Structures are given as structure tokens and as C-alpha cells.
Amino acid sequence: MKTSKRILILLFMLGFNAAVYAQAKKPTIMVVPSDNWCDTHDFMMEFDNQGVIERIPDYSTAFVKNGDLSQVIAKIGEMMSERGFPLERLESALKNVKAESARAAARTSKSGASIAENPIDALKKTAKADIWIELWWEERRSGPTKSINFRIEGVDAYTGKQVANGSGSGDGSISADIPVLLTESVLNYIDVFNAGLQRHFDDMFENGREITFNVQVWDDGALEDGLETEFDGQYLSDIIERWVGENTVQGRFNLDNASDTYLSFKQVRIPLYEGERALDTRAWGRKLAKLLKDQYRIESNVDVIGLGRVEITIGGK
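Overview of the structure. Not measured: the values here are computed from a predicted model.

Conventions used here
- Residues numbered from 1 in each chain as written.
- Predicted model: local features only at pLDDT ≥ 70, side-chain atom pairs only at ≥ 80, totals over all residues.
- Heavy atoms only, no water.
- Helix = DSSP H or I, 4+ residues; strand = E, 2+ residues; numbered from the N terminus.
- Buried < 20%, exposed > 50% of the residue type's maximum accessible area, 1.4 Å probe, protein only.
- Areas by Shrake-Rupley, 256 points an atom, 1.4 Å probe, with all protein chains shown as cover.
- Pairing = 2+ DSSP bridges.
- Axes fitted to C-alpha atoms, helices over the stretch in contact; angles between N-to-C directions.
- Contact = heavy atoms within 4.5 Å.
- Phe/Tyr/Trp six-rings, centres within 6.5 Å; stacked < 30°, edge-to-face > 60°.
- Lys NZ or Arg CZ within 6 Å of the ring centre and 35° of its normal.

**Concerning the overall build of the chain**
Argument step 1. For the chain, the helix and strand inventory stands at ten helices and 17 strands.
Argument step 2. For the chain, the residues scored as buried account for 44% of the 317 residues in total.
Argument step 3. On the chain, roughly 17200 Å² of surface is accessible, and the fraction owed to carbon and sulfur atoms is 47%.

Written out as C-alpha cells, the structure is:
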């Protein structure tokens, strides 16, 4: 009886500690100007994604040409840091991306196949922030008085989904500059906004981080029947699907598309941590690559696009 009671107490303590740990941890954030703000101020660039032209924000040019941007981002970042959110600095991340110029936006396998990664995806991968805080603002004038309208959105860096938002305006001033006016305007909304960010992170802690996962087979003879190749009476596609189920939180995923050369998994929920260590998208994908090599002698290549999309290519190395 005493032993059973001690076990129950131990289980309670472990559960309590896990809950406290989850509540104590906060998502890492990075503050960026919104796409709309960049577009309005003509701070956009074009990226050729395998023949498809994409328009994406040009943060580096924005920092050079807009004198307020650096101070605005610093002020909002400071507000978040004061509330316990770990901060990645946009300017530092941009410098790191530039320093790692050897890493190309598009990588090509020996077979000639390529996977494109635009500069924003590369930035996400370098910064590794859980949530991007996208900020839009505009200055209003009435005679000598200036005021600010703003919109702030929290976006999951892995999925691109909005997880929190707020908007409003601030009191006018004759003498205050834009960064100060914006900070004062956001201050009335920041705690409600942050509560939304925390709810999203707590959900990830409990139910896993959402990613996208694709498997493809190059037509180079590596597998004669592609994903329909049989191993011990099982199709390779079924082996992979079962592995995904066993390596997601509560087996949560959606097989969106399947053929003999391609599998597309959406809403894949991977654990935030594996033991004491954080588990990122690449580490998760490499576990499957290792299984394919060790148990089935299948060579594969793991590519991560941004933070939230991992692709395993069988053949084409």
C-alpha cells in the first residue's frame, strides 16, 4: 500500500514538473517588418523559384533606406525581451545569412535535380526563431501632431500560420519620434498579444510542432518499383507511413498525396524535444534516412526548406 502511494506521489510530481516546465518555456521570437509594409515602401526583391518569380521582402535594403526601421524593431524586441521572450535579432540573422554565402538558395544533386530555397527560407533556417512578429505601421499627421496606426501579427515560422494578432492606434504627439510613438501604441495591446503567442507554444509543447514532410524517388534506378518496392512483404510507402505514425505526437499526421514516386505528408506533429534535446525538422528527417539505410540499404538525401519542410529524396545523390 505504501509503495503504491509513493508511486502515485512520484507520478504526480513528474506531471507537475512537466507542466511547470512547459509553462516556463517561451517561444523564441524575431521581429520583422510585415510583407505589406515592405511592399508599400518598395522594399521587395524578386526570386526565381525554378521558373516561378516570387516577390519577397528585401529586409537588408529596408534597413539601409529607412532610418526608423532599426529603432522600431529594437524597441518592439526590447518590449518582448522584458516579458521573458528569447529574441533573435533580424539584423544579426541577415549578417549570418550573408556570411554563409556558400550555402546556395538552390541546391542541386548529382543527378541534376534541384530544390529551391528562397532567401526568406534561408533566413528562417539561420535565425531558428519559433515565431516571427510581423509589424506594420503608418504615420498619421494632423497639423504638427503625429500619431501611429499599427498592426502586429505573430506567425509560426514553421508553418506560416498566424497565431496571434493585434492592431490599434496611439495618442498624437508633436515632438515624439516614430519608434517612441509606436512603442507607446503597442504597449496597450502587447500583453494580450503575448498571451496568444504563449497559448500557441503551449499547444506545440503538448501536441507537437507542425511540419510538412515529403518523400520522392528520382528515376535513376535506385528503386525499380519506387515506393511500391517490397521489403519483407511490405511496400516501402507503407513502411514510411508507419514510421511517421510512430514518430509523431499521438500519431498525428495527414497523408495528403501518394504515388509510387511521391509521398506528401501535411500537418505532421513532431515532438519539440527528444529527451533533454530540442528536436528540429532536420534531425527528425535524418532519423528516417538512417532507418532506410540501416535496415533496407536505401540511400537517401535529407533537405530542409526553411524550418518547417523536410524532404527525403531516394536516389539522386
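Let us keep going from here.
**Here's the deal with unusual backbone geometry**
Argument step 1. With phi around 60°, Lys128 is a residue other than glycine that occupies positive phi space.
Argument step 2. Residue position: Lys128 is located in the loop between helix H6 (119-127) and strand E6 (131-142).
Argument step 3. Unusually for a residue other than glycine, Asp232 sits at a positive phi of about 55°.
Argument step 4. Asp232 gets classed as exposed once you look at its relative accessible area, which sits at 78%.

**A short note on the sheet that holds E6**
Argument step 1. Here four strands make up an open sheet; going across it, the order is E1-E6-E7-E8 and the pairing mixed. Each edge of the sheet is formed by a strand with only one pairing partner; in this case those strands are strand E1 (29-33) and strand E8 (162-169). Neighbouring strand axes in the sheet, compared pairwise and without regard to direction, differ in orientation by 20° on average.
Argument step 2. Summarising the sheet, E6 and strand E7 (residues 145-156) pair through twelve bridges and their orientation is antiparallel. Counted as the bridge partner of Arg140 is Ser147 from E7.
Argument step 3. Sitting on the sheet, helix H4 (residues 69-82) is in contact with E1 and E6, with an inclination near 150° to E1.
Argument step 4. Sitting on the sheet, helix H7 (residues 178-187) touches E6, E7 and E8, and the angle it makes with E7 is about 60°.

**Topic: the pairing of E8**
Argument step 1. One ladder, built from seven bridges, connects E7 with E8; its direction is antiparallel. Bridging across to E8, Asn149 finds its partner in Ser169.
Argument step 2. Between E7 and E8, which pair antiparallel one after the other, the connecting turn spans five residues, and Gly160 there sits at a positive phi close to 80°.

**Some words on the packing of aromatic side chains**
Argument step 1. Per the counting criterion, the structure on display carries ten aromatic pairs.
Argument step 2. For the ring pair Phe213 and Phe265, a centre distance of 5.4 Å and an interplane angle of 20° mean the geometry is stacked. Residue Phe213 is located in strand E9 (residues 209-217), and its partner Phe265 is located in strand E13 (residues 262-270); the two are separated by 52 residues in the primary sequence. Both residues of the pair, Phe213 and Phe265, belong to the buried class.
Argument step 3. These aromatic residues form a ring-pair network of at least three members: Phe213, Trp243, Phe253, Phe265 and Trp284.
Argument step 4. In this arrangement the basic side chain of Lys124 is found over the ring face of Trp132, its NZ or CZ atom lying 5.5 Å from the centre.
Argument step 5. One cation-aromatic arrangement involves Arg209 over Tyr158; the distance from NZ or CZ to the ring centre is 3.9 Å.

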